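Each chain, written out:
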Amino acid sequence: MSHIFPRHCHADIPRAVAGDGCYLIDADGKRYFDGSGGAAVSCLGHSNARVTQAIKDQADALAFAHTGFFTTDPAEELADMLIAQAPGDLDRVYFVSGGSEAVEAAIKLARQFHIENGAPERRHLIARRQSYHGNTLGALAVGGNAWRRQQFAPLLIDVSHIAPCYEYAERAEDETSEAYAARAAQELEDEILRLGPDTVMAFLAESVVGATLGAVPPVADYFTRIREICDRYGVLLILDEVMCGMGRTGHLFACEADGIAPDILCIAKGLGAGYQPIGAMLCTDAIYDRIAAGTGFFQHGHTYLGHPIATAAGRAVLQELAEEDLIPRVREIGDRFEAALRDRFAQKPHVGDIRGRGLFWGIEFVADRGARTPFDPTRGLAGKLKKAAFAEGLICYPMPGTRDGRHGDHVLLAPPFIMTDDQIGEVVDKLDRAMTAVFD
Ligand code: PLP
């Protein structure tokens, strides 16, 4: 009998014993192609020698030094590497152990910045429906996933949620993309005005929406407008790139594709590529300098901030991305992956939309393609698809609730950047068989 408190008490799951490139291997020797990198984590696959060696070397040299007493080479060097490539005025890096911690730090930094900037009345946060920012209470409160929030609602801080930028389901038939971008972004300005412009501290959004909507990029112009609105009212823009950042969408920082830069940015997942738990919050020099010139310290902290082994792994991940040219590769193989997905699935009667960027793709399923009507949620299609794909030896990430937390189903694909062309075929074939088993 197991003493693990698992995610699902009644699920019978295999024991993973090894990783080999894009595959995970269970105790019976069955191989699974990791088509979602777990949850968009394992960008380098499961046996990257550079990263595992860097972890061993760092453990031999120095396993832990508390950031209250010391800084370390791997943390300093990883911060330098990130800032050298970061967009806009991002200048400082605060290393944490995962995505939720990065989001918590971002929320608290935004609040402390305004206090030290002489605007303590700025206390309201605005985020978007159908978003996910993590499961700790602050991150859950900003998240707009109705199902995840439901039972914890009495514990959550008050956050305004505006519409996501979700063209497939929310652009009107007679509306251009530009008009839709303007309408979706206008919700932010309306909400700032409703709350009182001097009371809003930050707007938080995923650059490309991940698990909740299924790899939905913004339409052109949307984030330019959002940036303008934030600037107009002194509201900080926090971008959550925990899932879509670190090369996943074809740029190290996903917002580069939209030509904007945030005031605060959150990353995790691909930063450690699954080899170590690590996340980070990046902020501009203006925010940092305000704190430095004021109280001189960010009133936050965790024991494992800037952990030497985690930052050594992150440093090795960024070296691997650069030296193996993996981000241009994401764009190239991403194009071929997209073509293969469209070729095989676009005409299927239950496929409503295929969207994404780089190696981050979502397929949304509908009962009626013309009317874009989702399936009855009681059919439990996402769960069935996950099971059928797993039986085929494919790990993918299906989710229900695409439209409103309850209705809608999609599958998220986020394969390792080292995937080959043959493996594109393997993913598409396995997914096709799984979809046939569930829908036909
Ligand atoms: N933000 C986004 C966009 C995510 O996708 C996730 C996790 O899936 C998180 C935050 C939370 O990250 P973590 O699970 O590492 O706490």
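Given the structure is predicted, the values throughout are model-derived calculations rather than measurements.

**Digging into the packing of helix H13 (residues 381–392) against helix H14 (residues 421–439)**
Next, step 1: At a minimum axis separation of 8 Å, H13 and H14 run at an interaxial angle of 135°. Relative to H14, H13 is oriented oblique. As H13 packs across H14, the resulting crossing turns out to be right-handed. Judged by residue contacts, Leu381, Lys384, Leu385, Ala388, Ala389 and Glu392 of H13 engage Lys430, Arg433, Ala434, Met435, Ala437, Val438 and Phe439 from H14.

**Brief notes about a nonpolar patch on the surface**
Next, step 1: On the surface, a nonpolar cluster with roughly 280 Å² of combined accessible area is contributed by Leu137, Phe152 and Leu155.
Next, step 2: Mapped onto the elements of the fold, Leu137 is located in helix H5 (residues 137–142).
Next, step 3: The exposure class assigned to Leu137 is partly exposed, which follows from its relative accessible area of 45%.

**Observations concerning a negative patch on the surface**
Next, step 1: Judged by side-chain charge, Asp89, Asp91, Asp285 and Asp289 come together as a negatively charged surface patch.
Next, step 2: With respect to the element layout, Asp91 can be found in strand S4 (residues 90–96).
Next, step 3: Taking relative accessible area as the criterion, Asp91 reaches 36% and is therefore assigned partly exposed.

**Focus on the sheet that holds strand S13 (residues 394–395)**
Next, step 1: Pairing is mixed across the open sheet formed by four strands, whose spatial order is S1-S2-S3-S13. Bordering the open sheet on either side are strand S1 (16–20) and S13, each of which pairs with just one other strand.
Next, step 2: Strand direction decides the pairing type here: strand S3 (residues 31–34) and S13, joined by two bridges, are parallel. The residue of S13 that forms the bridge with Asp34 is Ile395.

Procedures and definitions
- Residues numbered from 1 in each chain as written.
- Predicted model: local features only at pLDDT ≥ 70, side-chain atom pairs only at ≥ 80, totals over all residues.
- Heavy atoms only, no water.
- Axes fitted to C-alpha atoms, helices over the stretch in contact; angles between N-to-C directions.
- Helix = DSSP H or I, 4+ residues; strand = E, 2+ residues; numbered from the N terminus.
- Parallel < 35°, antiparallel > 145°, perpendicular 65-115°, else oblique.
- Left-handed = near helix turned anticlockwise from the far one by under 90°.
- Contact = heavy atoms within 4.5 Å.
- Patch = residues over 30% accessible without salt bridge, like charges linked within 9 Å, V, L, I, M, F, W, Y side chains within 5 Å.
- Areas by Shrake-Rupley, 256 points an atom, 1.4 Å probe, with all protein chains shown as cover.
- Salt bridge = Lys/Arg side-chain N within 4 Å of Asp/Glu carboxyl O.
- Buried < 20%, exposed > 50% of the residue type's maximum accessible area, 1.4 Å probe, protein only.
- Lys, Arg positive; Asp, Glu negative; His and termini not counted.
- Charge placed at Lys NZ, Arg CZ, Asp CG, Glu CD.
- Pairing = 2+ DSSP bridges.

All quantities given are derived from atomic positions and should not be read as evidence of function.
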